[in-house]
Amino acid sequence: MARAYPLNKYRNIGIIAHIDAGKTTVSERILFYTGISHKIGEVHEGAAVMDWMEQERERGITITSAATTCFWTPARYTRLAKTDEERAKLKAEYEHRINIIDTPGHVDFTAEVERSLRVLDGGVTVFDGVAGVEPQSETVWHQADKYAVPRICFINKMDRMGASFEKSFNSIIDRLTPNAIPVQIPIGAEENFKGVIDVLEMKAFEFNGEHGEKIDEVEIPADLKTEAEKRHAQLIEKIVEHDEVMMEKYLGGETIPVADLRAVLRKATIANLLIPVFCGTALRNKGTQLMLDGVIDYLPSPIDINESKPIKGTDLATGAEVIRQPNDNEPLTAVAFKVATDPFVGNLTYFRVYSGIIKKGSYILNATKNNQERIGRIVRMHANHREDVEEMYAGDLGAIVGLKNTTTGDTLCNPETPIVLEAITFPEPVISLRIEPKTKNDQEKLGMALKRLSDEDPTFRVTGNSDTGETIIWGMGELHLEILVDRMKREFNVEANVGRPQVSYKETIKKDAEAEGKYIRQSGGKGQYGHAKIKLHPLEKGKGFVFVNQIKGGVVPQEYIAPIEKGVKEAMARGIVAGFPMTDVEVTLYDGSYHEVDSSEAAFKIAGSMAFQEGAKSASPVLLEPIMKVQVICPQDYLGDVTGDLSSKRGRIESLNDRGMMKVVDAMVPLSEMFGYATKLRSMTQGRGSFTMEFSSYEEAPKSIEQQVIEGKK
Ligand code: GDP
């Protein structure tokens, strides 16, 4: 077998948009025009091929990212082909493989967005032609900025009442970037939207046939001639700025060939210096194909992106930094970017190959977890079917069926050439809730559901107490947990009682202390005897728990040391101040005693636990609260209100900056003050403010807050 497409004919892209801009419809039309799906499915009828999860359809938001492959030969060439033979020739020369990585549009799923941004090379940002840039578009835009993802824009819904290309484009310039530049302008708007003028080539197109599949070149309408000329000149000026030789020719009055202009625009787009803007209406079948041409013309192949973002990792054998080339001849380097449960085949691990070849039947090393697994089956995901393949090459995206111990973000490689790529870092979950199965049967189902869901989602964690059967689940935000609970009910049929979301506090000590725990029972039969003396010492932030054994001369026999440690750990987990787990404590066992007959592991465990509780009380125990790194982006007019409100939430403003026309506020704010902030910010800024939030660290809570937590008021 050999690769079917050279790497420069790959485009790994994401459709990036806020909810409702039309991402699903655009993706669906792409699959239609590229011939993968043969039926146009309307989103509102629930038939869109990408949104196969029931829940997504109901909520109208996309919360899983699937990778879908399709093929495209630019319509620029194929629309001129007269015969099938001609078309086949063009295909052989110009057909590209496009892998679409589905990105969620909801900001609460930051981890989902970030993991997909990590594996894609370029993005199509979709806007609603009526609303233009919306607060949520700003959030997703800035996330893409963070990963320096080259982009093109598609102003969708040009057919809607109130649609305006001019207004939407200006909102991109004002709110997102001054580097956006139209490569098309619309012919008409709203119900009179007919097609587009390509202002690079200066050609006008209309979309005919049942589904707009016929692209007909028409005369540039007389009333748009001046506008088109103006945009053409602006575009050329913007392009030549990025190439000195071209600039000189242009200033010298030479006409520059379109192909040369396109090449420089491509380079500037890949370098994130220009952002070409397209328009159309996915729903009414106008413009999607030419936007796809834009994907091929302007977005990077894995080779292009490698120049600005090389594949760097750590060689596990030597500890040295290594760089891998996007090339089949290099050793295998792949990243698992999503683990999903598929209703038909079970466990699916989505991966992207960065270098080398991944082969069915071979053993790979999961270098992150340091275990080997055999690859039983590799599938290429199409929107409505999966294709079994023998191998996949550098640049490919696919899924392995049935991997057991691989989670999101793990590096997969050859066992002989172990490498770990920079891990995708996920923030610590800081909101929790209690979940209690209704029946014994539910308890079993719950266990299975929790395992599956936490395998899929690295920001979802589960802790539990096997004695009480109480289970606590942890996540990134209120909506995150709500959706997970919903999936448990729906996909796994678990009936459970669910508590209120709670901030995950912790506790620690501030002083040294000593204490003694003695557990002695002498009531008939065999007695109990356990005795431990310990010292407590506060550790640096983030050190967790350290246990030191200084027992000498067997005053406590070796077999009772571990039970004492276990007792200490259990007491730590229960906390002292308000029932939250203690952290950053060193416990030194330095003395104790035992009884020849009555001593037991159980007695020493209790003694350890008693000693810790006793000691922690006199070691100035305090409550720790999670502090969040919050970034608010808002127009200048609302800056005062936003910062005033953050201060009233015990927030510390760290910096104020400008981003385009917007102000960026960076602050540290306790999580407990941030419940309901999305609604508050929206009303405070008339919907123009947006924010992101991630965990920063645990800090000591003020006494007044500690008191409220103890009283159960916070
Ligand atoms: P998503 O939330 O970004 O995936 O957006 P959808 O694709 O689900 O679209 C949201 C709504 O906008 C649906 O009701 C679509 O039918 C509608 N829609 C999508 N594209 C267009 C368009 O080009 N024109 C009009 N008028 N409506 C559209």
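Note that the structure is a prediction, hence the values are computed from the model and not measured.

**Observations concerning the overall build of the protein**
Then, in step 1: The number of helices and strands found in the protein is 19 helices and 38 strands.
Then, in step 2: Taken over the C-alpha trace, the protein has a radius of gyration of 30 Å; the compact-globule value for 714 residues is 27 Å, and the two agree within 12%.
Then, in step 3: Structurally, the protein occupies a C-alpha span of about 105 × 60 × 50 Å along its principal axes.
Then, in step 4: The buried share among the 714 residues of the protein stands at 54%.
Then, in step 5: Across the protein, the mean location of the 88 positive side-chain charges is 3 Å away from that of the 105 negative side-chain charges.

**Here's the deal with the pattern of salt bridges**
Then, in step 1: According to the stated counting rule, one finds 41 salt bridges in the structure shown.
Then, in step 2: Between glutamate 201 and lysine 203 there is a salt bridge, and its shortest N-O distance comes to 3.3 Å.
Then, in step 3: Judged by relative accessible area, lysine 203 falls into the partly exposed class, the value being 25%.
Then, in step 4: What emerges from the salt-bridge pattern is a single network uniting Arg76, Glu201, Lys203, Arg262 and Asp297.

**Focus on the nonpolar core**
Then, in step 1: With 68 residues, the main nonpolar core has Ile98, Val124, Ile197, Met291 and Val295 as its most contacted residues.
Then, in step 2: Per-element tally for this core: the top contributor is helix α11 (residues 288-298), with six residues.
Then, in step 3: The next biggest cluster of nonpolar side chains, apart from the first, holds 44 residues, and it includes Phe492, Ala496, Leu671 and Met674.

**Focus on the sheet that holds strand β9 (residues 203-208)**
Then, in step 1: The strand order across the open sheet built from four strands is β7-β8-β9-β10, with neighbouring strands paired in antiparallel fashion. Strands at the two margins of the open sheet, each flanked by one partner only, are β7 (184-187) and β10 (214-218). Neighbour-to-neighbour, the strand axes of this sheet turn through a mean angle of 30 degrees, independent of strand direction.
Then, in step 2: Across four bridges, strand β8 (residues 195-198) lies against β9 in antiparallel orientation. Its bridge partner lying in β9, valine 196 is registered against phenylalanine 205.
Then, in step 3: Here α11 sits on the sheet in contact with β7, β8, β9 and β10, set at roughly 125 degrees to β9.

**With respect to the confidence of the model for the protein**
Then, in step 1: In this model, the protein carries an average pLDDT of 88, and 92% of its residues clear a pLDDT of 70 or more.
Then, in step 2: This stretch, residues 36-65, has a pLDDT under 50; its non-local contacts, to residues over four places away or in other chains, come to 92 contacts.

**Observations concerning the site of the ligand**
Then, in step 1: Near the ligand, the surroundings consist of 18 residues, among which Asp20, Thr24, Thr25, Asp159 and Thr281 are the closest.
Then, in step 2: In the environment of the ligand, an oxygen atom lies 2.6 Å from a nitrogen or oxygen atom belonging to the side chain of threonine 25.
Then, in step 3: Against a free-state accessible area of 570 Å², the protein chains account for coverage of 86% of the ligand.
Then, in step 4: Across the shell around the ligand, the residue classes break down as five nonpolar, eight polar and five charged.

**So, unusual backbone geometry**
Then, in step 1: A positive phi is found at alanine 148, a non-glycine position, where the angle reads about 50 degrees.
Then, in step 2: Unusually for a residue other than glycine, glutamine 686 sits at a positive phi of about 50 degrees.
Then, in step 3: Relative to the helices and strands, glutamine 686 is located in the loop between α18 (677-684) and β38 (690-700).
Then, in step 4: The exposed category is assigned to glutamine 686, whose relative accessible area is 63%.

**Description of the side chain of serine 504**
Then, in step 1: Tracing the backbone through its elements, the reader meets serine 504 in the loop between β29 (502-503) and β30 (506-509).
Then, in step 2: Residue classification places serine 504 among the buried positions, given a relative accessible area of 3%.
Then, in step 3: Among residues more than four places away in sequence, those in contact with serine 504 are Val430, Ile431, Ser432, Trp474, Pro626 and Tyr698.

**Looking at the domain arrangement of the protein**
It is common to give the size of an interface as the accessible area lost on bringing the parts into contact.
Then, in step 1: On domain assignment, one finds that the protein holds domain 1 (7-307), domain 2 (323-421), domain 3 (431-504), domain 4 (507-619) and domain 5 (623-710).
Then, in step 2: Of note, the centres of domain 2 and domain 4, computed from C-alpha atoms alone, are 46 Å apart.

**A closer look at the sheet that holds strand β20 (residues 386-389)**
Then, in step 1: The strand order β18-β17-β23-β14-β15-β22-β19-β20 describes an open sheet built from eight strands, whose pairing is antiparallel. The open sheet has two edge strands with one neighbour each: β18 (371-374) and β20. Going from strand to strand, the sheet's axes swing by 40 degrees on average, the running direction of each strand aside.
Then, in step 2: Pairing between strand β17 (residues 363-366) and β18: four bridges, direction antiparallel. Paired with isoleucine 364 across the bridge in β18 is glutamate 373.

**Comments concerning the side chain of asparagine 99**
Then, in step 1: Checked against the element boundaries, asparagine 99 lands in strand β3 (residues 96-102).
Then, in step 2: Exposure remark for asparagine 99: the relative accessible area of 1% places this residue in the buried category.
Then, in step 3: For asparagine 99, the contacting residues outside a window of four places in its chain are Tyr10, Arg11, Asn12, Ile13, Thr68, Thr69, Gly395 and Leu397.

**Regarding helix α14 (residues 478-492)**
Then, in step 1: Relative to the 21 Å expected for 15 residues at 1.5 Å per residue, α14 spans 21 Å between its end C-alpha atoms, a close match to the ideal helical length.
Then, in step 2: Listed in full, the buried residues belonging to α14 are Leu479, His480, Leu481, Ile483, Leu484, Val485, Asp486, Arg487, Met488 and Phe492.

Cut-off values and rules
Sequence positions are assigned chain by chain, starting from 1 and proceeding in written order. With pLDDT at 70 or above as the cut-off, local features in this predicted model cover only qualifying residues; side-chain atom pairs require 80 or more to be listed or tallied, and sums for whole chains, interfaces and linings still use all residues. Only hydrogens and water are removed before side-chain values are computed, so all heavy atoms of the structure are retained for them. A run of H or I in DSSP becomes a helix once it reaches four residues, and a run of E becomes a strand once it reaches two; helices and strands are each numbered from the N terminus. Here the globule rule is a power law, 2.2 Å times the number of residues to the power 0.38, and the radius of gyration is based on C-alpha atoms. Burial classes follow relative accessibility: with a 1.4 Å probe on protein chains only, a residue under 20% of its type's maximum area counts as buried, one over 50% as exposed, and anything between as partly exposed. Charge convention: Lys and Arg are scored as positive, Asp and Glu as negative, and His as well as the terminal groups of each chain are ignored. Lysine's charge is taken at NZ, arginine's at CZ, aspartate's at CG and glutamate's at CD. What makes a salt bridge here is a side-chain nitrogen of Lys or Arg within 4 Å of a carboxyl oxygen of Asp or Glu, nothing more. Side-chain atoms within 4.5 Å are what join buried Ala, Val, Leu, Ile, Met, Phe, Trp, Tyr and Cys residues into a set we call a nonpolar core. Strands qualify as paired when DSSP identifies two bridges or more between them. Between N-to-C directions, angles cover 0 to 180 degrees, with each direction set by a line fitted to C-alpha atoms, over the stretch in contact for helices. Note on definitions: a residue-residue contact is assigned when non-hydrogen atoms from the two residues lie within 4.5 Å. On a range of 0 to 100, pLDDT expresses the predictor's confidence in each residue. When at least one non-hydrogen atom of a residue lies within 4 Å of a molecule or strand, that residue is treated as near it. Think of a polar contact as two N or O atoms within 3.5 Å of one another; within protein, one of them needs to be a possible hydrogen donor and the other a possible acceptor, and neighboring residues in sequence only count if both atoms come from side chains. The protein chains shown are the only cover counted for residues, whose accessible areas, like all others here, come from Shrake-Rupley with a 1.4 Å probe. Note that Gly is not counted as nonpolar here; it falls among the polar residues with everything else outside the nonpolar set of Ala, Val, Leu, Ile, Met, Phe, Trp, Tyr, Cys and Pro and the charged set of Asp, Glu, Lys and Arg. In this entry, domain limits derive from an automatic or database-based domain assignment. Any helix carries an expected span of 1.5 Å times its number of residues minus one.

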